Amino acid sequence: MPRSPFENQLCSAAQALSEIGEWWTLLILREAFFGTQRFTDFQARLGIARNILTARLNKLVATGILTRQTAPGRGNPRLYRLTAKGRDTLPVFIALAQWGDCWINEGKAPIRILEVATGQEIDRLRICARDGRPLAARDMRIVPGPGADPEIRRRFGGADAAAGPLHAASSFFKS
């Protein structure tokens, strides 16, 4: 497997992009959420070349996002199923779809996602405080986490940034 261009970046977003950030990979995940499991069905629904699909499925299996199981039938078919790690990408898919519905499709969503129990469309994803209040970027700041290296600590406020004043470089908005 080729090296990731992000492997030397201590950034969870960059590391996540190295596993799921390629556009065919995101579309394969979309199809997996839609119930697609067989190679031939992924290929037919996506219009993707066999070699590219094979490479992306192999990577998703290698990174623990999908499992590969033998299926009954001729030709040694395989089933690809989401793992817990794969299912945890659902908010990423929903956020991208909702962003596309709003900013690209001008509010005319090609699909709707409904809650099974009520039949109601799900709410737009948002970032919330622990008490449920919605937060905007201006309401948040970045501080070093437990995996921070010295550079991250310098950039985002030292060892105890949570207790200190808001550092300009650590806010999402600089206003």
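Before any of the text, the structure's been laid out above.
Now for a quick tour of the structure. The residue numbering used here restarts from 1 in each chain and proceeds along that chain's sequence as written. Per-residue local features are limited, in this predicted model, to residues with pLDDT of at least 70; the limit for side-chain atom pairs, both in listing and counting, is 80 or more; totals at the level of whole chains, interfaces and linings are taken over all residues. Neither water nor hydrogens contribute to the side-chain values; these are computed over all heavy atoms in the structure.

## Digging into the nonpolar core
So, point 1. Membership of the largest hydrophobic core comes to 16 residues, with the highest contact counts inside it found for Ile28, Phe42, Leu53, Leu57 and Leu66.
So, point 2. Where this core is concerned, the elements lending two or more residues are helix 2 (23–33), helix 3 (39–46), helix 4 (50–62) and strand 2 (78–82).
So, point 3. Of all the elements, helix 2 adds the most residues to this core, at four residues.
So, point 4. Setting aside residues up to four positions removed in sequence, Leu66 forms contacts with Ala32, Leu57, Leu60, Val61, Tyr80, Arg81, Leu82 and Thr83. Each nonpolar core is a collection of buried residues, namely Ala, Val, Leu, Ile, Met, Phe, Trp, Tyr and Cys, held together in the definition by side-chain atoms within 4.5 Å. Using a 1.4 Å probe on the protein chains alone, a residue whose accessible area is under 20% of its type maximum counts as buried, one over 50% counts as exposed, and one in between counts as partly exposed. Counting from the N terminus, the helices are the DSSP runs of H or I reaching at least four residues and the strands are the DSSP runs of E reaching at least two. The contact rule is simple, with two residues in contact once any of their heavy atoms fall within 4.5 Å.

## Details of helix 3
Each turn of an α-helix holds 3.6 residues, which means side chains three or four residues apart point in the same direction.
So, point 1. Buried within helix 3 we find Phe39, Phe42 and Leu46. All buried residues of helix 3 fall inside an arc of 65 degrees around its axis, so they share one side. Looking at helix 3, the residues exposed on the side facing more than 90 degrees away from the buried face are Thr40, Ala44 and Arg45.
So, point 2. Backbone geometry just downstream of helix 3 places Gly47 in the positive-phi region, at approximately 65 degrees. Starting at the helix axis, one direction is taken to each C-beta atom, and the arc is that of these directions.

## Looking at the packing of aromatic side chains
Two descriptors summarise a pair of aromatic rings, namely the distance from one centre to the other and the angle between the planes of the rings.
So, point 1. Side-chain rings of Phe, Tyr and Trp, where Trp is taken by its six-membered ring, are said to pair if the distance between their centres is within 6.5 Å; with planes under 30 degrees apart they count as stacked, over 60 as edge-to-face, and otherwise as tilted. Summed over all chains, the structure comprises four aromatic pairs.
So, point 2. Ring plane angle 85 degrees and centroid distance 5.9 Å describe the contact between Phe34 and Phe93, whose orientation is recorded as edge-to-face. Taken together, the positions of Phe34 in the loop between helix 2 and helix 3 and Phe93 in helix 6 (residues 90–103) put the pair 59 residues apart, joining distant regions of the chain.
So, point 3. Phe34 gets classed as partly exposed once you look at its relative accessible area, which sits at 45%.
So, point 4. Taken together, the aromatic side chains of Phe33, Phe34 and Phe93 make up a single cluster linked through ring pairs.

## A look at unusual backbone geometry
So, point 1. Notably, Glu106 is not glycine yet its phi reads approximately 50 degrees, a positive angle.
So, point 2. If you trace the backbone, Glu106 turns up in the loop between helix 6 and helix 7 (150–155).
So, point 3. We classify Glu106 as exposed; its relative accessible area is 64%.

## Brief notes about the packing of helix 3 against helix 4
So, point 1. Here helix 3 crosses helix 4 at 120 degrees, and the two axes come no closer than 11 Å. Regarding the angle of helix 3 to helix 4, the classification is oblique. Helix-helix and strand crossings are classified by hand; for helix 3 and helix 4 the assignment is right-handed. Taking contact as the criterion, the partners of Phe39, Phe42 and Gln43 in helix 3 are, on helix 4, Arg50, Leu53, Thr54 and Leu57.
So, point 2. The residue inventory of the contact of helix 3 with helix 4, partitioned by class, reads four nonpolar, two polar and one charged. Geometry is summarised by axes, namely lines fitted to C-alpha atoms with helices restricted to the contacting stretch, and by angles between N-to-C directions that run from 0 to 180 degrees. Should an angle fall under 35 degrees it is called roughly parallel, over 145 degrees roughly antiparallel, and 65 to 115 degrees roughly perpendicular, with every other angle called oblique. Crossing handedness is read from the near helix: turned anticlockwise from the far helix by less than a right angle, it gives a left-handed crossing, and turned clockwise, a right-handed one. When residues are sorted by character, Ala, Val, Leu, Ile, Met, Phe, Trp, Tyr, Cys and Pro go into the nonpolar class, Asp, Glu, Lys and Arg into the charged class, and all the rest, Gly among them, into the polar class.

## Points about helix 1 (residues 12–20)
So, point 1. Turning to helix 1, its buried residues number three or more, namely Ala14, Ser18 and Ile20.
So, point 2. Against helix 2, helix 4 and helix 6 lie the buried residues of helix 1.

## Concerning the packing of helix 2 against helix 4
So, point 1. Axis separation between helix 2 and helix 4 bottoms out at 10 Å; the angle between their running directions is 75 degrees. Between helix 2 and helix 4, the crossing angle belongs to the class labelled roughly perpendicular. Residues Trp24, Thr25, Ile28 and Leu29 of helix 2 touch helix 4, and the partners they reach there are Ile52, Leu53, Arg56, Leu57 and Leu60.
So, point 2. Tallied by class, the residues present in the contact of helix 2 with helix 4 amount to seven nonpolar, one polar and one charged.

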